[in-house]
Amino acid sequence: MSDVTEAAVAALNKRLGGEGFDGSARFDIEGEGSIMIDGNGARAAEEEAEVTLTADAETFQQILEGDLNPTAAFMSGKLAVDGDMGQAMKLGAVLS
């Protein structure tokens with residue numbers, strides 16, 4: 001697990017506030033690894049998910065820090081979404 005992935009897992013679990021996510025999502029961080037978010041919280045893993053979001057490390061970091069809205073990242077082409085858009089929207093609400 002890269003430092004970027006490790007820090008992202010910690011940040012996501014903090015955002016989730018000890019709660020899991022109702023559904024499953026995977027973040028693919030280009031060149032760094034993958035993070036799963038589901039009912040158990042966030043962890044470094046590459047598993048099947050209802051939705052997969054792909055971005056570079058810089059974009060993902062900006063989203064986590066609140067400097068970039070996930071919807072704006074998607075609309076500008078910085079964040080790719082593959083799968084259930086409803087799950088992506090629910091996850092976006094958690095990250096905003």
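Residues numbered from 1 in each chain as written. Predicted model: local features only at pLDDT ≥ 70, side-chain atom pairs only at ≥ 80, totals over all residues. Heavy atoms only, no water.

Participant: What am I meant to see in the packing of aromatic side chains here?
Facilitator: Two measures describe an aromatic ring pair: the distance that separates the ring centres and the angle between the ring planes. A full pass over the atoms with the stated rule returns one aromatic pair. Directly above the aromatic system of Phe21 lies the positively charged group of Lys90, at a separation of 5.8 Å from the ring centroid. (Phe/Tyr/Trp six-rings, centres within 6.5 Å; stacked < 30°, edge-to-face > 60°. Lys NZ or Arg CZ within 6 Å of the ring centre and 35° of its normal.)

Participant: What am I meant to see in helix 2 (residues 57–64) here?
Facilitator: For an α-helix, 3.6 residues make a turn, and residues three or four places apart therefore share a direction. When helix 2 is considered as a whole, its buried residues turn out to be Thr59, Phe60, Ile63 and Leu64. Summarising the axial view, the buried residues of helix 2 lie within an arc of 135°, below the 170-degree limit, and thus occupy one face. In this structure, the buried side of helix 2 is in contact with helix 1 (3–16), strand 1 (25–30), strand 2 (33–38), strand 4 (51–56), helix 3 (70–75) and helix 4 (85–95). Of the residues one or two after helix 2, Gly66 is the one with positive phi, at around 85°. (Buried < 20%, exposed > 50% of the residue type's maximum accessible area, 1.4 Å probe, protein only. Helix = DSSP H or I, 4+ residues; strand = E, 2+ residues; numbered from the N terminus. Arc of directions from axis to C-beta. Contact = heavy atoms within 4.5 Å.)

Participant: What's the story with the nonpolar core in this structure? I'm lost.
Facilitator: Generally speaking, a soluble globular protein has its nonpolar side chains buried in company with each other. Leu12, Phe27, Ile35, Ile37, Phe60 and Leu91 are the most contacted members of the largest nonpolar core, which totals 23 residues. Contributions of two or more residues to this core are made by helix 1, strand 1, strand 2, strand 4, helix 2 and helix 4. Here this core gets four residues from one element, more than from any other, and that element is helix 1. (Core = buried A, V, L, I, M, F, W, Y, C linked by side-chain atoms within 4.5 Å.)

Participant: Explanation requested: the sheet that holds strand 3 (residues 41–44) in the structure shown.
Facilitator: Hydrogen bonding along the main chain pairs the strands of a sheet, whether they run parallel or antiparallel. The five strands lie next to each other as 3-2-1-4-5, forming an open sheet whose pairing is mixed. With partners counted over all chains shown, the strands left at the sheet margins are strand 3 and strand 5 (80–83), one partner each. Shown here is a sheet whose adjacent strand axes are inclined to one another by a mean of 20°, direction ignored. Against the sheet, helix 1 touches strand 1, strand 2 and strand 3, its axis set at about 175° to strand 3. Seen against the sheet, helix 2 touches strand 1, strand 2 and strand 4 and runs at an angle of roughly 110° to strand 4. (Pairing = 2+ DSSP bridges. Axes fitted to C-alpha atoms, helices over the stretch in contact; angles between N-to-C directions.)

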